[in-house]
Amino acid sequence: PIIIAHRGASGERPEHTLASYELAIEQGADFIEPDLVLTKDGVLVARHENEISETTDVADHPEFASRKATKTIDGKAVSGWFTEDFTLAELKTLRAKERLPQLRGTAHDGQYEVPTFAEILDLLARVNTRRAHPVGVYPETKHPTYFVSIGLPHEGPLLAILDQYGYRGRAAPVFIQSFEVANLKAIRAKSNLPLIQLMDGEGGPADDAKQSYAAMTTPAGLKAVAAYADGIGPNKTMIIPRGALGTLGDPTHLVRDAHAAGLKVHPWTFRRENYFLPLDDKGGLNPAGHGDLAAEIDMYLKTGIDGLFSDNPREAVPAVQAGAKR
Ligand code: G3P
Ligand code: CA
């Protein structure tokens with residue numbers, strides 16, 4: 001199974017920074033995961049959402065105070081500062097900060113820029129010249145329908161830059177992922193790069209009000225996904241649900257059914273803090289303390305998953321390697 005460094009080694013560095021991706025590569029991750037949004041001048045940059053006040057110091061920049069806005073994103077009102085209202089040069093004056101300071105501290109706040117996707121691919125090109133097995137990239141299009149609606153679609157720049165950096169064909173070390181459907185189908189029409197349909201435990205794709213993720217996980221739904229994608233990226237609770245007390249329950253049939261449809265399965269997100277771990281794997285009462293992430297991962301490996309997203313490659317890499325030896 002592959003280990004995808006979720007937003008980089010985001011358990012140890014502010015998410016979506018070159019430092020976070022570099023640390024993940026040092027720790028042995030197979031892929032690094034940038035979530036992608038666009039700037040006003042059409043540049044792909046790594047942020048989990050286009051509203052950037054939770055992960056940058058934008059609110060501390062008086063010169064940008066007037067850019068604060070309220071917008072409707074995927075049907076919800078969101079207030080703050082948005083990447084599409086900043087040129088890349090302006091965005092580069094900001095510095096990243098930790099999204100979860102109560103759990104992960106603030107020691108690295110203020111040190112790192114918001115990286116462009118090109119800078120991330122440059123980093124991979126540099127490290128991969130020294131490696132027999134290249135580290136791959138696992139980009140996610142964030143809010144693709146919204147970005148189309150403001151005239152800044154992901155698809156063209158994403159495919160162009162991947163091609164420019166040599167990511168071509170089904171064996172390329174890349175997976176393109178999305179919670180939405182139409183953009184994956186549009187990419188499939190133009191490219192044979194591997195695609196992953198993300199799914200959450202509730203709701204459905206923001207671009208199709210009639211569709212639910214629950215329906216997409218039925219055998220018929222998975223067969224439909226397999227017509228345009230190579231795998232699914234489900235919330236991990238769709239594979240092993242949590243009981244009322246936070247214990248791991250019995251696995252569902254999702255991995256088996258997805259494999260029967262010819263789809264890979266890469267669940268998210270595996271994190272070492274007690275706050276996130278199942279009850280049996282917590283290492284005490286402090287939510288920021290670290291529990292037994294390897295034990296949780298072990299339970300998932302037994303279901304036959306093909307990979308996983310983790311904020312903590314430091315723990316996830318040896319856990320998966322140990323599981324592979326058994
Ligand atoms: O892309 C897999 C996982 O990252 C999905 O959740 O919200 O962290 O992007 P999110
Ligand atoms: Ca993601």
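Reference entry: report on the structure contained in this document. Here the structure is a predicted model, which means the values were calculated and not measured. (Residues numbered from 1 in each chain as written. Chains lettered and ligands numbered in written order. Predicted model: local features only at pLDDT ≥ 70, side-chain atom pairs only at ≥ 80, totals over all residues. Heavy atoms only, no water.)

## Structural notes on the coordination of the calcium ion (ligand 2)
What counts is decided by this rule: Any N, O or S atom lying within 2.8 Å of the metal counts as a donor, and for Na, K and Ca the limit rises to 3.2 Å; water is left out, so some sites can look incomplete. Any coordination sphere not matching a tetrahedral pattern (four donors, all angles between 85 and 135 degrees) or a square planar or octahedral pattern (four or six donors, opposite donors over 155 degrees apart, other angles between 65 and 115) is reported as irregular. Secondary structure elements are taken from DSSP: a helix is a run of H or I of four residues or more, a strand is a run of E of two residues or more, and numbering for both begins at the N terminus. A simple rule labels every residue: compare its accessible area, found with a 1.4 Å probe on the protein chains alone, to the largest value its type can have, and call it buried under 20%, exposed over 50%, or partly exposed in between.
Every protein donor of the calcium ion (ligand 2) is listed here as Glu33 (OE), Asp35 (OD) and Glu140 (OE), and their distances to the metal cover 2.1 to 2.4 Å. Considering all 6 donor atoms around the calcium ion (ligand 2), the spread of angles at the metal, 59 to 163 degrees, places the coordination shape in the irregular class. Donor residues for the calcium ion (ligand 2) sit on one chain with the sequence pattern E-x1-D-x104-E. Here the residue Asp35 occupies a position in strand β3 (residues 35-38), and Glu140 occupies one in strand β8 (residues 140-141), the gap between them amounting to 105 residues. Using a relative accessible area of 1% as the deciding quantity, one classes Asp35 as buried. Its relative accessible area of 4% is what places Glu140 among the buried residues.

## Focus: the pattern of salt bridges
For the record, the criterion: Think of a salt bridge as a Lys or Arg side-chain nitrogen and an Asp or Glu carboxyl oxygen that are within 4 Å of each other.
Overall, the coordinates contain 23 salt bridges when judged by the stated rule. One salt bridge connects Glu15 with Arg7, and the closest N-O pair in it is separated by 2.9 Å. In this structure, Glu15 and Arg7 share a single accessibility class: buried. Among the ionic pairs, Arg67 bridges to Glu90, the shortest N-O distance being 2.9 Å. Linking Arg67 in the loop between β4 (44-46) and β5 (69-73) with Glu90 in helix α2 (residues 88-91), this pair joins segments that are 23 residues apart in sequence. Judged by its relative accessible area of 23%, Arg67 is partly exposed. Through salt bridges that share partners, Arg7, Glu15, Glu49, Glu54 and Arg99 make up one connected network.

## Things to note about the site of ligand 1
Quick reminder of the rule: Being near a molecule or strand, for a residue, means having at least one of its heavy atoms within 4 Å of it. Pairs of N or O atoms within 3.5 Å make up the polar contacts considered here, provided that, within protein, one atom can donate a hydrogen while the other can accept it, and that residues adjacent in sequence are counted only when both atoms are side-chain atoms. Here, Shrake-Rupley sampling with a 1.4 Å probe gives the accessible areas, and only protein chains in the shown set may cover a residue.
Near ligand 1, the surroundings consist of His6, Arg7, Glu33, Asp35, His48, Glu140, Lys142, Gln177, Phe179, Leu198, Trp268 and Phe309. Glu33 has a polar side-chain atom sitting 3.0 Å from an oxygen atom of ligand 1. Contact between ligand 1 and Lys142: an oxygen atom at 2.7 Å from a side-chain N or O atom of the residue. A total of 290 Å² of accessible area belongs to ligand 1 in isolation, and the protein chains cover 92% of it.

## Describing the packing of aromatic side chains
Which entries qualify depends on this criterion: Here a Phe, Tyr or Trp ring, Trp counted by its six-membered ring, pairs with any other such ring whose centre lies within 6.5 Å, and the pair is stacked when the planes are under 30 degrees apart, edge-to-face when over 60, and tilted otherwise. Throughout this description, the term charge over a ring refers to an Arg CZ or Lys NZ atom that lies within 6 Å of the ring centre and within 35 degrees of the ring normal.
All told, the structure shown has 10 aromatic pairs when counted by the stated rule. Arranged with centres 6.4 Å apart and planes meeting at 65 degrees, the rings of Phe179 and Tyr213 form a pair that is edge-to-face. Taken as a pair, Phe179 in the loop between β9 (176-178) and α7 (182-190) and Tyr213 in helix α8 (residues 213-216) lie far apart in primary sequence, 34 residues in all. By way of ring pairs, the aromatic residues Phe31, Tyr138, Phe175 and Phe309 are connected into one cluster. The residue whose ring lies beneath Arg67 is Phe86, and the NZ or CZ to ring-centre distance is 5.1 Å. Note that Lys236 overlies the ring of Phe270, its terminal NZ or CZ placed 4.7 Å from the centroid.

## Brief notes about the packing of helix α11 (residues 293-301) against helix α12 (residues 313-325)
Defined as follows: Axes here refer to lines fitted to C-alpha atoms; in helices the fit is confined to the stretch in contact. Angles between the N-to-C directions go from 0 to 180 degrees. Small angles under 35 degrees read as roughly parallel and large ones over 145 as roughly antiparallel, with 65 to 115 read as roughly perpendicular and the rest as oblique. Note on convention: the crossing is left-handed when the near helix lies turned anticlockwise from the far helix by less than a right angle, right-handed when the turn is clockwise. Two residues qualify as a contact provided that any one of their heavy atoms is within 4.5 Å of a heavy atom in the partner residue. All residues other than Ala, Val, Leu, Ile, Met, Phe, Trp, Tyr, Cys, Pro, Asp, Glu, Lys and Arg, Gly among them, are scored as polar; the first ten of these are nonpolar and the last four charged.
Following both chains from N to C, one finds α11 and α12 inclined at 45 degrees, their axes separated by 9 Å at the closest point. As judged from the angle between their axes, α11 and α12 are oblique. Crossing angle aside, the handedness with which α11 passes α12 is right-handed. Where α11 approaches α12, its residues Leu293, Ala294, Ile297, Asp298 and Leu301 are matched on the opposing element by Glu315, Ala316, Ala319, Val320 and Gly323. Considering only residue class, the contact of α11 with α12 consists of 7 nonpolar, 1 polar and 2 charged.

## So, the environment of Gly203
With respect to the helices and strands, Gly203 occurs in the loop between β10 (195-199) and α8. Taking the C-alpha atoms as reference points, Gly203 and Ala214, 11 residues apart in sequence, are found 7.8 Å from one another.

## Describing α12
Our working rule: Under the convention used throughout, the expected extent of a helix is 1.5 Å for every residue step, that is, one less than its residue count.
Its 13 residues give α12 an end-to-end C-alpha distance of 18 Å, which sits within 8% of 18 Å, the value for a rise of 1.5 Å per residue. What α12 keeps buried is the set Pro313, Ala316, Val317, Ala319, Val320 and Gly323. Residues of α12 that are buried sit in contact with β1 (2-6), α1 (18-26), α11 and β13 (307-310).

## Topic: the pairing of β1
Every other side chain in a regular strand lies on the same face of the sheet, so the side chains alternate between the two faces. This is how it is decided: Strand pairing is assigned whenever DSSP identifies at least 2 bridges connecting the two strands. Note on handedness: a clockwise path from strand one over the helix to strand two, with the strands aimed away from the viewer, defines a right-handed crossover.
For β1, the buried fraction is high: 4 of the 5 residues fall into the buried class. For β1 and β13, the ladder comprises 4 bridges, and the chain directions are parallel. Counterpart to Ile2 in the pairing with β13 is Gly307. In this structure, β1 lies alongside strand β2 (residues 31-33), joined through 3 bridges in parallel fashion. Bridging across to β2, His6 finds its partner in Glu33. Handedness of the β-α-β unit built from β1, α1 and β2 comes out right-handed.

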